Amino acid sequence: MTRNPLVIPGTVAAALCLAAPATSQTTLYDLDAPGDGFYGSYLTPAGDVNGNGFADLAFSTPIEILAGGPFSGQFGSVEMVDGATGATIWKVENPRPRGSFGWTVGPATDVDGDGADDIIATLVDTGTGSVIVDEVTVLSGANGGIITSLAPPAGIEFGTGPLERIHDVDGDGIDELIVGAGRLVGSGSEPVLLVLSGANLRPLGELSGPPTSTSFGGSVASMPDLDGDGQQEILVGSPLDDAGGTFAGSVYFFSGLAPSPWRSILGTAGERLGRSLAPLPDVDGDGVADLAVSAVNFTTPGSVRIVSGATAQTITTHLGSNDTGGFGVSLEVLGDVDGDGRVDLAIGEPLGPAAFPEGGSVRVATAATGATIELFEGDAEDQALGWFLAPLDDFNGDGYPGLAMSGTGLTFSGTGEGRILGIDGPLGPDCTAPVIGCAQPTVNSVGGTGTAFALGSASLSGQPLRIVARDLPPGAPVLLLASPIPGSVFTPPGSQGNFCLGGPIGRSPNLGTASSSGNVLFFVDLDAIPTPLGPVAATPSDVWNFQMWYRDGGPMPTSRWTEMVTIDVCP
């Protein structure tokens with residue numbers, strides 16, 4: 001059906017306020033999938049698998065229901081994508097007729113000697129009511145084929161802890177691998193970490209914590225030599241450790257394969273310190289590398305401590321914005337993404353404040369100060385963006401690194417859309433911030449006024465622009481309207497509220513529907529903004545105004561308007 005354009009002359013609307021700044025980062029890809037498979041549960045950087053000169057990215061979907069093949073009905077897959085484009089290079093589904101494949105994944109060395117770094121993944125059995133690791137498998141980075149499956153040493157069982165690549169421990173010039181495991185004790189086990197040779201996968205040793213460290217191996221990181229013994233450090237988080245109080249959490253520092261830690265950082269009761277670790281370069285100017293460590297408990301705002309590598313004292317602490325958001329579930333060091341000469345840090349808050357309930361967010365901040373550089377938000381309910389983070393190469397050669405972030409689409413509240421977003425720097429505001437105006441004078445049938453805001457970027461090279469409205473009647477039909485000219489008409493015939501667009505007005509080609517939470521989102525293609533004469537491409541310095549019409553069904557049915565979002569397009 002062809003819709004005739006609305007043409008309503010008017011004057012500029014009043015009452016404007018600022019929204020979040022737009023930015024100039026480049027969106028490399030924005031992948032999505034049903035969330036019931038735990039999409040992007042783990043992300044891991046890979047080597048240059050497809051030979052284009054840039055590192056690629058592997059991820060797991062461990063409870064994906066497999067629809068076909070010899071093992072139909074089993075669960076889980078591991079996928080390799082081009083780090084620059086998100087295009088699938090290979091995908092391996094559960095190779096066994098049981099369990100969930102890809103429960104954890106991590107980077108391996110070039111185990112098969114073909115020139116491509118490989119991937120390590122676990123297969124678990126969840127049919128007994130608990131999670132038991134059946135198998136640790138090494139996959140070819142080149143094609144996903146199974147190179148080998150590992151058997152644990154006597155008295156050891158594999159666990160659900162991390163799969164990490166660390167520095168060379170045995171002096172052969174090849175990085176080593178760490179695999180979470182448990183030492184069998186009576187009818188149970190005590191958590192340990194196996195250190196495996198990156199050259200031949202033979203065990204080199206194991207690390208274990210004190211009796212209080214029941215979650216030893218919750219996170220692992222590698223740091224330069226801090227104690228002057230010539231050995232690089234292996235850091236191990238134990239977020240449920242009771243050494244500092246019940247569920248205080250801790251971080252242990254091991255010098256190489258030393259049998260016991262030489263340093264520990266203890267949390268306070270209930271803090272759960274050690275959920276994620278991220279080694280930093282020197283932040284406080286003392287010439288020694290530093291550390292970011294998170295504490296996450298989902299009942300109080302999470303935190304990320306920036307800790308001195310020289311003294312283990314806290315330099316500064318970044319706090320989450322929500323008691324149940326999970327601030328610090330994931331951490332990733334980015335280098336300098338805003339060009340101010342200081343190292344920056346990405347922090348995931350997968351259940352944190354966003355445009356949609358439990359949509360999640362990723363905060364990029366200056367490590368030394370906590371100042372926010374950029375905030376990425378989930379664009380669907382129960383998306384949980386920020387569950388996992390991974391570094392990406394500088395694909396456009398501008399000196400700024402990239403970042404991949406996942407939202408599994410699975411939260412405490414329900415199932416949404418899984419998402420993997422890849423972006424390339426720089427980050428930080430360099431476009432004029434969107435402006436919100438045209439406040440509505442009356443409330444709708446659910447007590448809202450149709451608030452509106454922008455997500456993404458008004459940059460022609462940035463994140464996709466999205467216009468969002470909230471507090472609408474669930475199920476309400478919604479249209480997005482656009483015009484380069486503002487206007488002001490109070491209560492147009494047949495409607496309630498202020499209509500603030502003027503001139504020739506274009507309509508979105510598709511009708512939206514408010515979700516059960518009263519939210520609606522429209523993607524705006526800046527290369528094809530709707531107008532009465534057809535789509536037009538925006539150019540730098542253009543100003544566009546967006547407002548939504550929606551139908552309020554009761555108790556007195558009427559049409560209503562949301563607030564208006566004004567953007568200033570930049571390169």
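Look above for the structure.
This report concerns the structure included in the present document. (Residues numbered from 1 in each chain as written. Predicted model: local features only at pLDDT ≥ 70, side-chain atom pairs only at ≥ 80, totals over all residues. Heavy atoms only, no water.)

The next subject is the overall build of the protein chain. Across its full length, the protein chain carries 0 helices and 42 strands. Referenced to the eigenvectors of the C-alpha coordinate spread, the extents of the protein chain come out at roughly 80 × 60 × 45 Å. Counting only residues that meet the buried cut, the protein chain has 53% of its 571 residues in that class. Here the analysis covers contacts within the protein chain between residues at least 6 apart in sequence; of these, 56% occur between residues at least 24 apart. Total accessible area computed for the protein chain in this model is approximately 21,300 Å², and 55% of it derives from carbon and sulfur atoms. (Helix = DSSP H or I, 4+ residues; strand = E, 2+ residues; numbered from the N terminus. Buried < 20%, exposed > 50% of the residue type's maximum accessible area, 1.4 Å probe, protein only. Contact = heavy atoms within 4.5 Å. Areas by Shrake-Rupley, 256 points an atom, 1.4 Å probe, with all protein chains shown as cover.)

Attention now goes to the nonpolar core. Counting residues in each nonpolar core, the largest one holds 31 residues, and the members touching the most others are Ile 467, Val 524, Ile 529, Trp 544, Phe 546, Met 548 and Ile 567. For Ile 467, the residues in contact, after removing those within four places along its chain, are Phe 453, Ala 454, Leu 480, Val 520, Leu 521, Phe 522, Val 524, Phe 546, Met 548 and Val 565. (Core = buried A, V, L, I, M, F, W, Y, C linked by side-chain atoms within 4.5 Å.)

To continue, consider the side chain of Asn 519. As for its placement among the helices and strands, Asn 519 is situated in the loop between strand S39 (512-513) and strand S40 (520-524). Taking relative accessible area as the criterion, Asn 519 reaches 4% and is therefore assigned buried. Excluding residues within four positions of it along the chain, Asn 519 makes contact with Ala 355, Phe 356, Pro 357, Glu 381, Ala 469, Arg 470, Asp 471, Thr 513 and Ala 514.

The residue Ser 406 is located in strand S29 (residues 402-407) in this model. Here Ser 406 is in contact with Gly 40, Leu 43, Ala 384, Leu 385, Gly 386, Trp 387, Phe 388, Arg 419 and Ile 420, once residues within four sequence places are set aside.

Overall, the coordinates contain 9 aromatic pairs when judged by the stated rule. Centroid distance Phe 216 to Tyr 252: 6.3 Å. Interplanar angle 45°. Geometry classified as tilted. Within this pair, whereas Phe 216 is found in the loop between strand S15 (203-208) and strand S16 (219-223), its partner Tyr 252 is found in strand S18 (residues 250-255), the two being separated by 36 residues in sequence. The two residues Phe 216 and Tyr 252 agree in class, both being buried. A ring pair is formed by Phe 253 and Trp 262, whose centres lie 6.0 Å apart and whose planes are at 70°; its orientation type is edge-to-face. (Phe/Tyr/Trp six-rings, centres within 6.5 Å; stacked < 30°, edge-to-face > 60°.)

By the definition in use, this model includes 10 salt bridges. Note that Lys 91 is salt-bridged to Glu 64, the shortest N-O span being 3.0 Å. Of this pair, Lys 91 sits in strand S7 (residues 88-93) while Glu 64 sits in strand S5 (residues 57-65), and the two are 27 residues apart along the sequence. Lys 91 gets classed as partly exposed once you look at its relative accessible area, which sits at 39%. For Asp 175, the salt bridge identified is with Arg 165, shortest N-O distance 3.0 Å. (Salt bridge = Lys/Arg side-chain N within 4 Å of Asp/Glu carboxyl O.)

We now examine the sheet that holds strand S33 (residues 465-470). Pairing in this open sheet of 3 strands is antiparallel, and the strands run S32-S33-S40 from one edge to the other. Two strands lie at the open edges of the sheet, namely strand S32 (451-455) and S40, each paired on one side alone. Neighbouring strand axes in the sheet, compared pairwise and without regard to direction, differ in orientation by 20° on average. Where S33 and S40 come together, 5 bridges link them in antiparallel fashion. (Pairing = 2+ DSSP bridges. Axes fitted to C-alpha atoms, helices over the stretch in contact; angles between N-to-C directions.)

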